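Here is how the chains run, residue by residue.
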Amino acid sequence: MGAGDDARFNKIGHSMMCTCGCGQILLECNHVGCQSSDKMRNELIAALDRGDNNDLIMQGFVQNYGPTVIAAPTATGFNRVAWIMPFVALTLGMAFVVAVVRSWKNKPTPALADGITISDGDELDDYKRKARKETDQ
Amino acid sequence: MSQIGSFALLLALGLSAYSFLAGILALFGRDAGSMRLGETARRAGIAAFGAVLLAAVVLVLSAFRDDFSIAYIFHHSNRELPAAYKFAVLWSGQEGSLLFWSLLLGGYGFVLRLRYKTDQRLFAHASVVIAAVQVFFLMILNFAAHPFAIMEGALPPDGNGLNPLLQYPEMVIHPPMLYLGYVGFTVPFAFALGALIMRYPGEKWIHITRRWTMVTWCFLTIGVFLGAHWAYAVLGWGGYWGWDPVENASLMPWLTGTAFLHSVMMQEKRGMLKVWNMWLIFSTFLLSMLGTFLTRSGVISSVHAFAQSSIGNWFIVFMVLTLATCIFFFVKNKSHLKSEHKLEALVSRESSFLFNNLLLLVACFTVLWGTFFPILSEWVQGHKVTVGAPFFNRVAVPVALLLLLLTAVGPLLAWRKTSIDSLKRNFLLPAVGAVSIGIVMIIFGVRPLEDPSYFYATMAAVLSMLVIFTVISEFIRGGRVIAGKSQMNLFAAMAHLWHRNTRRYGGYVVHFGVALVVIGILGTPFNKEVEKEMGFGDKINIGPYTLVCQSYTQEDNPNYGNEWAIINVFRGGKQVTTMYPERRFYKSSGQPQTLPRIYPSFKEDLLLVTDLYLVYEGINETTGRPIIKAHLNPMVPWIWTGLIVMVFGTITALIPNAAPVRVTVPARVEPQTVGAGD
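Residues numbered from 1 in each chain as written. Chains lettered and ligands numbered in written order. Predicted model: local features only at pLDDT ≥ 70, side-chain atom pairs only at ≥ 80, totals over all residues.

**Focus on the overall build of chain A**
Here comes step 1: Counting its regular elements, chain A contains five helices and zero strands.
Here comes step 2: Put simply, chain A runs from its N terminus to its C terminus through helices and strands in the order α-α-α-α-α.
Here comes step 3: Of all 137 residues assigned to chain A, the portion counted as buried reaches 21%.
Here comes step 4: Across chain A, contacts joining residues at least 24 apart in sequence account for 39% of those joining residues at least 6 apart. (Helix = DSSP H or I, 4+ residues; strand = E, 2+ residues; numbered from the N terminus. Buried ≥ 20, exposed ≤ 12 C-beta atoms within 10 Å, placed from the backbone. Contact = placed C-beta atoms within 7 Å.)

Structure (structure tokens):
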């Protein structure tokens, strides 16, 4: 294999699982005498030597070992849902939090007992400036 | 012995069931009779702990006595097993680990029931909830996974032995830590549910459970990281986190527990997020249960999982019942959980906590989703797909980076409202420092746009440094104020500041530790590895190191036989160390184990420390020479350093605050008290 093939070997080998049942990435399986990983590595090297492109190599492995040989869901069909959902959750969550923050901000202030007033606006800012000045010095 | 153990378990079940039922009855009344009944329930709970402890002691003693008439001991121990690992037999199998769960829960319940005078009624409610959980575990132990089941037929001369992967010193500590974390969340859960049931006024339950939660979180953190370190030091694949379902199971309650530790401050200080906190702690408890279920049900294949068994169904029923109970009391009493304050500004500590919680929950959802997607795929498509490390790395890393950004910015925001000016003032220097680190990385050859992993590594470095710089700047800023008013030197002032608000500054130290952990992780894209068959005098060159095989040999001892190589490590022409990568073959189980050797380059590289990691892969049977795999893993030692810092920060956050002191001030100025806000 050439230098470019080394990089491809590394990349493809890290995107596939060893099929011996160890649950490890192909190039990370280190079981003593693991027949699966040695065989699969040799097949990968042979495919690279033949000049197969990445997609063709992956297809070949899926045909031989089944879809679980790929370490992550493909971006096709229902498998897309696996990739999309976390970002959907993040987006919906962000929207929810923004909505909550806005609703809280617009919530009316509870009425106070007679005679009690809360400083607001410039007056409050003045107090805060004074407090900051005292604590920053 | 087995009869004593079995009797102790039955007794524990009876006592726990009494504690639960009598405890419930006692809660309905307020007369003297109910008080007496409640007291008997409390004492039964305490006695149940004694009975579970007896059962656990009997099981461990049986391991020490090599009592192979007990099936569990036969399957998980053998005569030559070293004494320390005979203790570990208690949690190395399905039945024993459930007994260990029950023992820890009994221990937590014991402490809680002894401290009942803090608030008798709230503690009585919490005690009932804990008794209910204990009844569940003891029912499994008595009827589904009995640790004292007897071997059928002739008594075997020796046992199968402990799984070789578990015969490692950390394995004596890792499961207990993890379990202390899992089980410990039962306590804040019990208080939360108890407070909801009795419509407990105020936030006192949160004050009571704060330390429990922090201690529990600390145990879970240690457990998760020890697990990662064990994987690194024992499994021999050169990594520490494989996104295995069982690893994920421990991460999920950690994420929600972390969210709870943050958001609970909003309830304490501002009376907000009451519903949110209630559900966060409910979720954390349920996720702890889910983790226990995942390891035991066989529903998801994992390298860590115990054998498949029917107890998964017990867990499903228990989780459904727990969820139904939580929903019922929430719907019944939700009017009790109204917020007392409104949010005053978008740029405030409150909103940063909200976003922090959102990101932690999205991270938790991502892990949950990825863990269960293979099952979903099988339902929908008819076949399973693998959801492994490439998926999690790609999806979870952006969320983690956002979280890191909030970790940096959050502490700079004030409660209620923060002016943009003050944010700029506090943020500018740390930001400049962090961006400079990114620029230095690019100057030294990191190309963030060349590969997504390099981009993530650069971003992680910048954001971690931002966290570190903001933490340092917060200490310096606060220290200067104290030093200016009390004539202390800056370091003494910072120490004093820390002691005056241990929770706040302990929390900052935890953030510092998290940043170190991220720095340790970001080295992954720069890992290197070389594999070579090595005869006498053969060399491997990897990074700055030259490895020379001095010798290889094999030995035999009663528990295992082993092979190892002696590798001299040179750097710049000078020998820096000798390493002994090893492989063992355990006789009783017939299983092999790899023992990688690790050399962290603290002495040579200091901040840019790298692990040299050698694995004895096996012997080439044709030539008889060993195959050695060398990994160079940059920055990994920072992960373990970060853990130590996180634990230190948590412990200091548990120390009570020192009272504010009156500072010496010049004449004609009014004396004033310097306090520290949170």
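**Here we look at the overall build of chain B**
Here comes step 1: Within chain B, the regular secondary structure consists of 20 helices and ten strands.
Here comes step 2: A compact globule built from 678 residues should have a C-alpha radius of gyration of about 26 Å, and chain B, at 27 Å, falls within 12% of that.
Here comes step 3: In terms of overall dimensions, chain B has a C-alpha envelope of 85 × 70 × 55 Å along the principal axes.
Here comes step 4: Going through the 678 residues of chain B one by one, you find that 51% of them count as buried.
Here comes step 5: A sequence separation of at least 24 residues applies to 72% of the contacts in chain B between residues at least 6 apart. (Rg over C-alpha atoms; globule rule 2.2 N^0.38 Å.)

**Some words on the interface of chain A and chain B**
Here comes step 1: On the side of chain B, 43 residues touch chain A, which itself brings 35 residues to the contact.
Here comes step 2: With 13 residues, the top contributor of residues to the side of chain A that touches chain B is helix α4 (residues 79-105) of chain A.
Here comes step 3: A per-class count over the side of chain A that touches chain B returns 20 nonpolar, eleven polar and four charged. (Nonpolar A, V, L, I, M, F, W, Y, C, P; charged D, E, K, R; others polar.)

**Things to note about the nonpolar core**
Residues and elements named next belong to chain B.
Here comes step 1: Within the largest apolar cluster, 212 residues are counted, with the highest numbers of intra-cluster contacts made by Ala12, Ala55 and Ala192.
Here comes step 2: Discounting residues that sit within four places of it in the chain, Ala55 has contacts with Gly5, Ala8, Leu9, Ala12 and Leu99.
Here comes step 3: Grouped together as the second largest cluster of nonpolar side chains are 18 residues, Cys549, Tyr552, Tyr613 and Leu614 included. (Core = buried A, V, L, I, M, F, W, Y, C linked by C-beta atoms within 7 Å.)

**Concerning helix α15 (residues 420-443) of chain B**
All names here are of chain B.
Here comes step 1: The end-to-end C-alpha distance of α15 is 32 Å, a good match for the 34 Å that 24 residues give at a rise of 1.5 Å each.
Here comes step 2: Maximum bend of α15: about 40 degrees, positioned at Phe427, with proline Pro430 one to four residues after it.
Here comes step 3: Packing partners of the buried residues in α15 comprise α16 (452-486).
Here comes step 4: A positive backbone phi angle near 105 degrees is found at Gly445, which sits one or two residues after α15. (Expected span 1.5 Å × (residues − 1). Bend = angle between axes of the 7 residues up to and from the residue.)

**A short note on α16 of chain B**
Here comes step 1: Here α16 of chain B is 35 residues long and its end C-alpha atoms lie 50 Å apart, about the 51 Å a rise of 1.5 Å per residue gives.
Here comes step 2: Just past α16 of chain B, the residue Gln487 of chain B takes up positive phi, approximately 60 degrees.

**Things to note about the pairing of strand β10 (residues 626-634) of chain B**
All names here are of chain B.
Here comes step 1: With eight of its nine residues buried, β10 lies for the most part within the structure.
Here comes step 2: Looking at chain direction, strand β1 (residues 528-533) and β10 are connected through six bridges and run antiparallel. Following the sheet pairing, Val530 is matched in β10 by Ala630.
Here comes step 3: Summarising the sheet, strand β9 (residues 610-619) and β10 pair through nine bridges and their orientation is antiparallel. Each residue of the ladder has a partner; that of Val615, found in β10, is Lys629.
Here comes step 4: If you look at the hairpin formed by β9 and β10, you'll find six residues sitting between the two strands, and Gly624 has a positive phi there, around 75 degrees. (Pairing = 2+ DSSP bridges.)

**With respect to unusual backbone geometry**
Residue and element names in this part refer to chain B.
Here comes step 1: Even without a glycine there, the phi angle at Gln487 is positive, about 60 degrees.
Here comes step 2: Within the fold, Gln487 resides in the loop between α16 and α17 (490-500).
Here comes step 3: Residue Gln487 is classed as exposed on the basis of its 11 C-beta neighbours within 10 Å.
Here comes step 4: Even without glycine at this site, Met635 takes up a positive phi of about 70 degrees.
Here comes step 5: Here Met635 lies in the loop between β10 and α20 (637-654).
Here comes step 6: Here Met635 falls in the buried class, since 24 other C-beta atoms lie within 10 Å of it.

**Looking at the packing of helix α5 (residues 94-114) of chain B against helix α7 (residues 174-184) of chain B**
Residues and elements named next belong to chain B.
Here comes step 1: At a closest axis distance of 9 Å, the pairing of α5 and α7 adopts a crossing angle of 60 degrees. Between α5 and α7, the crossing angle belongs to the class labelled oblique. Note that α5 runs across α7; the crossing there is right-handed. Listed contacts from α7 to Phe100, Trp101, Leu104, Leu105 and Tyr108 of α5 are Tyr179, Leu180, Val183 and Gly184.
Here comes step 2: For the contact of α5 with α7, the residue count by class is eight nonpolar, one polar and no charged. (Axes fitted to C-alpha atoms, helices over the stretch in contact; angles between N-to-C directions. Parallel < 35°, antiparallel > 145°, perpendicular 65-115°, else oblique. Left-handed = near helix turned anticlockwise from the far one by under 90°.)

**Describing the sheet that holds strand β8 (residues 597-600) of chain B**
Residue and element names in this part refer to chain B.
Here comes step 1: Ordered by their spatial adjacency, four strands build an open sheet running β1-β10-β9-β8, and the pairing between neighbours is antiparallel. Only two strands of the sheet have a single partner each, and these edge strands are β1 and β8. Neighbouring strand axes in the sheet, compared pairwise and without regard to direction, differ in orientation by 15 degrees on average.

**Notes on the confidence of the model for chain A**
Here comes step 1: Predicted confidence across chain A gives a mean pLDDT of 80, with 75% of residues reaching 70 or more.
Here comes step 2: Per-element averaging of pLDDT across chain A places helix α5 (residues 121-136) of chain A at the bottom with 63 and helix α3 (residues 54-65) of chain A at the top with 91. (pLDDT = per-residue confidence, 0-100.)

**Regarding the environment of Arg425 of chain B**
All names here are of chain B.
Here comes step 1: In this structure, Arg425 sits in helix α15.
Here comes step 2: On the neighbour-count criterion, Arg425 (14 C-beta atoms within 10 Å) is partly exposed.
Here comes step 3: In this structure, the C-alpha to C-alpha distance between Arg425 and Gly590, residues 165 residues apart in sequence, is 64 Å.

**Thoughts on the environment of His174 of chain B**
Residues and elements named next belong to chain B.
Here comes step 1: Structurally, His174 can be placed in helix α7.
Here comes step 2: Considering only alpha carbons, one finds His174 and Gly618, 444 residues apart in sequence, at a separation of 28 Å.
Here comes step 3: Ignoring sequence-local partners within four residues, the contact set of His174 consists of Gly223, Leu226, Gly227 and Trp230.

**Let's talk about the packing of helix α2 (residues 32-64) of chain B against helix α4 (residues 83-92) of chain B**
Residues and elements named next belong to chain B.
Here comes step 1: In the contact formed by α2 and α4, the axes pass within 9 Å of each other and the chain directions differ by 130 degrees. On the basis of their axis angle, the class for α2 and α4 is oblique. Along this stretch, α2 crosses α4, giving a crossing that reads as right-handed. Residues Ala56, Leu59, Val60, Ala63 and Phe64 of α2 touch α4, and the partners they reach there are Lys86, Phe87, Val89 and Leu90.
Here comes step 2: Across the contact of α2 with α4, the residue classes break down as eight nonpolar, no polar and one charged.

**A word on the confidence of the model for chain B**
All names here are of chain B.
Here comes step 1: On average, residues of chain B score 87 in pLDDT, and 95% of them are at 70 or above.
Here comes step 2: Within chain B, strand β7 (residues 592-595) has the poorest average pLDDT of any element, 82, and α20 the best, 95.
Here comes step 3: Note that residues 667-678 has pLDDT below 50 and, in this model, 19 contacts with residues that lie over four places away or in other chains.
Here comes step 4: Across the predicted assembly, pTM comes out at 0.87 and ipTM at 0.80.

**Focus: the environment of Thr524 of chain B**
Here comes step 1: Assignment of secondary structure puts Thr524 of chain B in the loop between α18 (502-521) and β1.
Here comes step 2: Separated by 111 residues in the primary sequence, Thr524 of chain B and Met635 of chain B place their C-alpha atoms 8.2 Å from one another.

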